[in-house]
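Summary of structural features
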Amino acid sequence: MAQGDFPLLVERSAPGRIGAAVPQSDVPEVPLEQILPSAQLRGGPPPLPEVSEPDLVRHYTQLSQRNYAVDIGFYPLGSCTMKYNPKINEDAARLPGFARLHPYAPDALAQGALRLLSELETALAEISGMDGMTFQPAAGAHGELTALLMIRTYFADRGEARTRVIVPDSAHGTNPASARMCGYDVVQVRSDARGNIDADVLRQVADERAAALMLTNPNTLGLFEERITEVEEIMHGCGAQIYLDGANFNAVLGITRPGDQGFDVMHMNLHKTFSTPHGGGGPGAGPVAVKSHLLPYLPVPVVVREGERFRLDYDRPQSIGKIRSFYGNFGVLVRAYTYIRTFGPLLRQIAEAAVLNANYLLALLRPAFDLPYDRHCMHEFVLAGTRQQREHGVTTRDMAKRLLDYGYHAPTIYFPLIVEEAMMIEPTETESRETIEAFARGLLAIAEECRTNPDVVRSAPHTTVVSRLDEVTAARRPDLHWPIADY
Amino acid sequence: MYPEHLHYTREHEWARIENGRVRVGITQFAAERLSDVVFIELPAPGSTVKQLQPFGVIESVKAVSDLYAPVSGTVAEVNPVLAERPELINKDPYGDGWMLVVELSNPAELQELMSADEYRRLIGDGEA
Amino acid sequence: MTAWVPHKYIPLTPQDREHMLRVIGAASVDDLFADIPRSVRLLRDLHLPPAPSDAELLRELGEMSARNGDADRYACFLGAGAYDHFIPSVVWHLSGRAEFYTAYTPYQAEMMQGELQAAYEYQSMLCTLTGMDVANASMYDGASATAEATVMARDLTRRDQILLSAAVHPEYRQVVRTYTRHLGMEVVDLAHRDGTTPLDRVSDSLSERTAALVVQHPNFFGGLEEVQALAAAAHAAGALLIVSVADPVAYALLKPPGALDADIVAGEGQPLGNPLNYGGPYLGMLATRQAFVRRVPGRLVGRAVDMQGRRGFVLTLQTREQHIRREKATSNICTNEALNALAAAIYMAALGRRGMRQVAEVCARKAHYARERLRRIRGFEVAFPGPTFHEFVLRCPLPPEEINRRLLDAEILGGLPLGRFYPELADGWLVCVTESRTRQDIDRLAAALEEMV
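Okay, the overall build of chain B next. Secondary structure summary: chain B contains three helices and nine strands in total. Ordered by position from the N terminus, the helices and strands of chain B form the series β-β-β-α-β-β-β-β-β-α-β-α. Rg of the C-alpha trace for chain B: 13 Å, near the compact-globule value of 14 Å for 128 residues, within the 12% margin. Counting all 128 residues of chain B, 50% fall into the buried class. Residue pairs at least 24 apart in sequence account for 60% of intrachain contacts in chain B once pairs closer than 6 positions are excluded.

What follows covers helix α3 (residues 54–66) of chain C. In this model, α3 of chain C (13 residues) spans 18 Å end to end at C-alpha, consistent with the 18 Å of a helix rising 1.5 Å per residue. Residues Leu57, Leu61, Met64 and Ser65 of chain C constitute the buried set of α3 of chain C. Looking straight down α3 of chain C, one finds that the buried residues subtend no more than 100 degrees of arc, so they occupy a single side. The outward face of α3 of chain C, more than 90 degrees from its buried face, is lined by the exposed residues Ala55 and Arg59 of chain C. For α3 of chain C, the secondary structure elements touched by its buried residues are α3 (87–93), α4 (96–99), α5 (111–128) and α11 (330–343) of chain A.

A separate point is the interface of chain A and chain C. Tallying the contact residues gives 213 residues for chain A and 194 residues for chain C. Counting each side, the surface lost to burial between chain A and chain C is near 18,100 Å², with a carbon and sulfur contribution of 63%. Among the residues of chain A in contact with chain C, Arg100, Tyr104 and Leu480 of chain A are the three that bury the most area, contributing 5% of the side total. Applying the counting criterion to the chain A and chain C interface returns 12 salt bridges. Linking Arg100 of chain A and Asp84 of chain C is a salt bridge whose minimum nitrogen-to-oxygen distance equals 2.6 Å. The interface formed by chain A and chain C contains 93 residue pairs in polar contact (both at pLDDT 80 or more). Counting residues per element, the side of chain A that touches chain C draws most heavily on helix α12 (residues 347–365) of chain A, which supplies 14 residues.

Residues and elements named next belong to chain A. Inspection of the entire model under this criterion finds 78 salt bridges over all chains. A salt bridge links Asp71 to Lys87; its shortest N-O distance comes to 2.5 Å. You can see Asp71 sitting in the loop between α2 (53–65) and α3 and its partner Lys87 sitting in helix α3, a full 16 residues away along the chain.

Attention now moves to the interface of chain B and chain C. Chain B puts 10 residues into the contact, and the matching count from chain C is six residues. Counting each side, the surface lost to burial between chain B and chain C is near 680 Å², with a carbon and sulfur contribution of 47%. Linking chain B with chain C are three salt bridges. Here Arg294 of chain C ties to Glu59 of chain B by a salt bridge, and the two come within 3.6 Å at their closest N and O atoms.

Attention now goes to helix α10 (residues 227–236) of chain C. All names here are of chain C. Among all positions of α10, only Val227, Leu230, Ala231, Ala233 and Ala234 are buried. Down the axis of α10, the buried set is contained in an arc of 165 degrees. They therefore lie on one face. Turning to α10, the residues buried within the fold contact α9 (199–205), β5 (210–216) and β6 (240–245). Within two residues after α10, Gly238 carries a phi angle of roughly 75 degrees, on the positive side.

Before going further, it helps to examine the packing of α12 of chain A against helix α1 (residues 14–24) of chain C. Running from amino to carboxyl end, α12 of chain A crosses α1 of chain C at an angle of 45 degrees, the nearest separation of the two axes being 9 Å. Compared by their axis directions, α12 of chain A and α1 of chain C come out oblique. Note that α12 of chain A runs across α1 of chain C; the crossing there is left-handed. Residue-level inspection shows Glu352, Leu356, Asn357, Asn359, Tyr360, Ala363 and Leu364 of chain A of α12 of chain A in contact with α1 of chain C, the latter providing Arg17, His19, Met20, Leu21, Val23 and Ile24 of chain C. Here the residues of the contact of α12 of chain A with α1 of chain C are counted per class, giving eight nonpolar, three polar and two charged.

The subject of this paragraph is the pairing of strand β2 (residues 13–18) of chain B. Residue and element names in this part refer to chain B. Here strand β1 (residues 7–8) runs beside β2; their pairing, made up of two bridges, is antiparallel. For Tyr8, the partnering residue across the bridge sits in β2 and is Trp14. Counted between consecutive antiparallel strands, the loop separating β1 from β2 contains four residues, among which His12 sits at a positive phi close to 80 degrees. Taken together, β2 and the strand that follows it, strand β3 (residues 21–26), pair antiparallel across an intervening segment of two residues, in which Asn19 is found at a positive phi of about 50 degrees.

In this sheet, strand β9 (residues 309–313) of chain A lies alongside strand β8 (residues 302–306) of chain A in antiparallel orientation, the contact comprising five bridges. Each bridged residue has a counterpart across the sheet, and for Val304 of chain A the counterpart in β9 of chain A is Arg311 of chain A.

Turning our attention to the sheet that holds strand β12 (residues 391–395) of chain C. All names here are of chain C. Across the sheet, four strands lie side by side as β11-β12-β15-β14; this open sheet has antiparallel pairing. For this open sheet the edge positions go to β11 (381–382) and β14 (416–417), each flanked by a neighbour on one side alone. Bridge count for β14 against strand β15 (residues 428–432) is two bridges, and the pairing is antiparallel. Bridge pairing links Pro417 to Trp429 in β15. Helix-sheet contacts for helix α12 (residues 338–375) involve β11 and β12, and the interaxial angle to β12 is about 5 degrees.

Okay, the packing of aromatic side chains next. Within the structure shown, the criterion is met by 30 aromatic pairs over all chains. Between Tyr8 of chain B and Tyr119 of chain B the ring centres are 4.8 Å apart and the planes differ by 10 degrees, which places this aromatic pair in the stacked class. With Tyr8 of chain B in strand β1 and Tyr119 of chain B in helix α3 (residues 116–122), this residue pair connects regions lying 111 residues apart in the sequence. Tyr119 of chain B sits in the buried class, given a relative accessible area of 0%. Seen from the ring of Phe39 of chain B, Arg294 of chain C lies directly overhead, with NZ or CZ sitting 3.6 Å from the centre. Sitting over the ring of Tyr314 of chain A, Arg420 of chain C keeps its end group 5.0 Å from the ring centre.

Bringing the side chain of Asn89 of chain A into the picture now. Residue and element names in this part refer to chain A. With respect to the helices and strands, Asn89 occurs in helix α3. Take Asn89: its relative accessible area is 1%, and that puts it in the buried class. Ignoring any residue separated from it by four or fewer positions in sequence, one finds Asn89 in contact with Ser275, Arg335, Thr338 and Tyr339.

When the domains of chain A are assigned, the result is domain 1 (9–65), domain 2 (88–345) and domain 3 (347–474). Just the C-alpha atoms count here: the centres of domain 1 of chain A and domain 3 of chain A sit 46 Å apart.

The next thing to look at is the nonpolar core. Counting 248 residues, the largest nonpolar core has Tyr60, Leu124, Ile127, Leu202, Met235 and Phe274 of chain A together with Tyr278 of chain C as the members making the most contacts within it. It is α12 of chain C that contributes the most residues to this core, 17 residues altogether. Not counting chain neighbours up to four residues away, the residues in contact with Leu124 of chain A comprise Met133, Phe135, Met268, Leu270, Phe274 and Ile340 of chain A. Ile323 of chain A together with Tyr140, Ala266 and Val296 of chain C belong to the second largest nonpolar core, which has 74 residues in total.

Right, let's talk about the state of the cysteines for a bit. Residues and elements named next belong to chain C. According to the stated counting rule, one finds zero disulfides over all chains in the structure shown. The structure places no disulfide on Cys363, whose sulfur is separated from the nearest cysteine sulfur, that of Cys432, by 7.4 Å. On the accessibility criterion, Cys363 (0% relative accessible area) is buried.

Cut-offs used in this document
Residues numbered from 1 in each chain as written. Chains lettered and ligands numbered in written order. Predicted model: local features only at pLDDT ≥ 70, side-chain atom pairs only at ≥ 80, totals over all residues. Heavy atoms only, no water. Helix = DSSP H or I, 4+ residues; strand = E, 2+ residues; numbered from the N terminus. Rg over C-alpha atoms; globule rule 2.2 N^0.38 Å. Buried < 20%, exposed > 50% of the residue type's maximum accessible area, 1.4 Å probe, protein only. Contact = heavy atoms within 4.5 Å. Expected span 1.5 Å × (residues − 1). Arc of directions from axis to C-beta. Buried area = accessible area lost by both parts, 1.4 Å probe. Salt bridge = Lys/Arg side-chain N within 4 Å of Asp/Glu carboxyl O. Polar contact = N/O pair within 3.5 Å; in protein donor to acceptor, adjacent residues only side chain to side chain. Axes fitted to C-alpha atoms, helices over the stretch in contact; angles between N-to-C directions. Parallel < 35°, antiparallel > 145°, perpendicular 65-115°, else oblique. Left-handed = near helix turned anticlockwise from the far one by under 90°. Nonpolar A, V, L, I, M, F, W, Y, C, P; charged D, E, K, R; others polar. Pairing = 2+ DSSP bridges. Phe/Tyr/Trp six-rings, centres within 6.5 Å; stacked < 30°, edge-to-face > 60°. Lys NZ or Arg CZ within 6 Å of the ring centre and 35° of its normal. Domains from an automatic or database assignment. Core = buried A, V, L, I, M, F, W, Y, C linked by side-chain atoms within 4.5 Å. Disulfide = S-S within 2.5 Å.

If you want it as structure tokens, here you go:
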């Protein structure tokens, strides 16, 4: 450890320390070799760190202070919907009847959990305009795969050998990756001058080879697909299915429903739209909702309501099978359920405030930055740092790093790929006018610094616990764990 | 920047004829566009490559590209140093940063490749 | 349409809205939605129950939760992929810090050193426990991690067949089939013999088409596989050995797969400090050899230095991932289970070298006691003769479902009836005993069974 380095856990370790009371055996003592063959036994304990409880608490508390989070400040990471994560949701998820319930507990002992799942399904079906869903996918990308597997099986049952999935060039990287994992070829369609998928190009590739179009709406430019009804006609006209990547569902809650737009299947990111915490990258939950013609293909089991009784139904011969063990990220579902209950029909206000906040922030920032698509945005918008790069040699990455010095997390950068020097900003509905104005002042000040003092931006950040890290050497000579002693 | 005696592909590889064999690498333009190369995946000696088909993969921190063979043939040599020191591709793309030596199977294929002048025009390089 | 109602999660006031609309140059909020065709608008309120007060909501949730038979109220002898190990208080308190749980994926490394270092430490401890060279930062769960491992083996070997032991968790096997179905891969089931994977059957089935052999260790029945011999057989055929695991606590006591020549370890990290949660969120683990690092799916955190030479941590080797490689990525995974990996790291750190060993040893001792105690009850017999870690299969004189029903009166959650997964084991009952069960619990179970027969 060099001077100034924050210690690794293993550097706080000393032989003989322990951070937990260890269990004792209360059954009659038998030599271990009579229980397990000695050839199968590990030579000694695994060389894990040995740290006392107080040191352990300080280690992780100090690590937490070397982090940034929604509870600390503004987190305008576009397409990630970093909204406030309500505390009551956490209390709900930690109720022992939920947190301590075994997944193979018989249905009779899981009536509360199954009721919650059933009511959540009813609520999300109403919000999305779909007919039913699975909670099994653990994240959005997992939901994409699940949906494509269902589509593939649906066409196989109809004797149609469709081999292609169409995605716009503004799509999340997960879309083409999921399509490949389902054995589909990927066809990319460009966006038009207004930021919509180019319907004329789409028309040319929409044929009997197309299984599905994967569309994000509002799309990753933060724009609603203006020609959505035409897109729907084109795709259904060639017999294909339309999939909604629901990453941006927050913008339209209660305003428009994917089911009414003609989507056959969609995933929702409960960790975006429905306020469940991102946990530093997970867990999430990516329920997949479908129209009735796809219901038979949902993964097993599904929750069935019979009067006031609930049960898990595995007897579904057309199902694609299982995509994950058990029933999905139940703890996340409890939080999303709680969130929906705290709004009820007022969910619509989330979309209204999110869209208002985004347009306000856009209005404050537009004088200083290039705006590739000049329309009212939905819940997020994409700026281009091209002016700063061209005139002052300062990249979007530099400006993002400089924002850290101002105490903010940076927006999503260099995505979508179709916008040069992209900066994708999503304020969400849980930010106040004051916060948005303060952030705008910060980013405008950075734009000014690009002119007056570009070096301070190029070498940012200056106030974080470490400065820019050498990612090149890290990738050339990967060091992915601390040195491990032999055992 | 783009030596006259080399042959070039549209995918930014170069080929140099050496006693009936062909040495292969990527151009300075490609190396600069990728920025710092962190990893390269090359075929084993003895395997075959086909003209303008991928023979390997090159990665920087934020980007990844396929490498395309300028000619068809059998791989005679692979630069043994690159696995440990991929940075040579940035430092010396036409020298120590070479990737393969290919036993050429069809010399006529060389006609398909570009001259230095043509390559410079492709990348819009003003340098004469 | 309902009028605007103040809500505790939305700070905008009517004055704010008016001001903001003026700056934007829009007459109303509705104008901002003008791009949405009228024909697809929802022109009514959502049909959802109006929000109750928080106090009412918590009471409702409390009632729902209380209708579940959780492991606090019932002595839990269920395992089968979800394990009731005791979780020290520090795990909840530290992983429950909002600086961790309300953060996103650490895209801005300079600002996210806490989470990045915690992930690097998790990778280090998982390598230590499994004996492998490289571990990723997490995946969804044991089943999908096992499935991703089979796809990784296909890419590494350029072969398309997977040999899958029937002693692997049945749900993991189902997920492997779902994942591989449209990738031109063939999955071949290998029947177990006496509850373990028979080496001769493996050798007969391996061919030049085989990408990987998948076994679970300890396996679904609690038994131990001959991992090293299976690895040797797989390697002789040019295939890889994937070891799936449902409870990695076992490796604090058993030789880890890395010491037994396994190529990929994939499995479930829930038992490391994560609650039962009715099946999720859990923790997918994946670890492998150094040589395979560039084919690993999911995020990896690496050590780096900053411009002043200070140690720091970054997401690394990202070109493997979907946001860069798109349709050529090693996997489509993006969101993972970072918070569960954090809990696992804190759990392993709290118990440490001796504590982890002790937990594993106490599990083995109590399970052994239970197995010997229950097999003496009339009509019950141990199904498979081999040694077991903390789970074992009994053949029962009554249908296991009925036994479980009757045990509820004694506030005992019985084992898993195996008939739903193995028709030939319709009288099979998979019993799990972790360190959390007391001798008294075990004796109570035995007494209740004695009463039934």
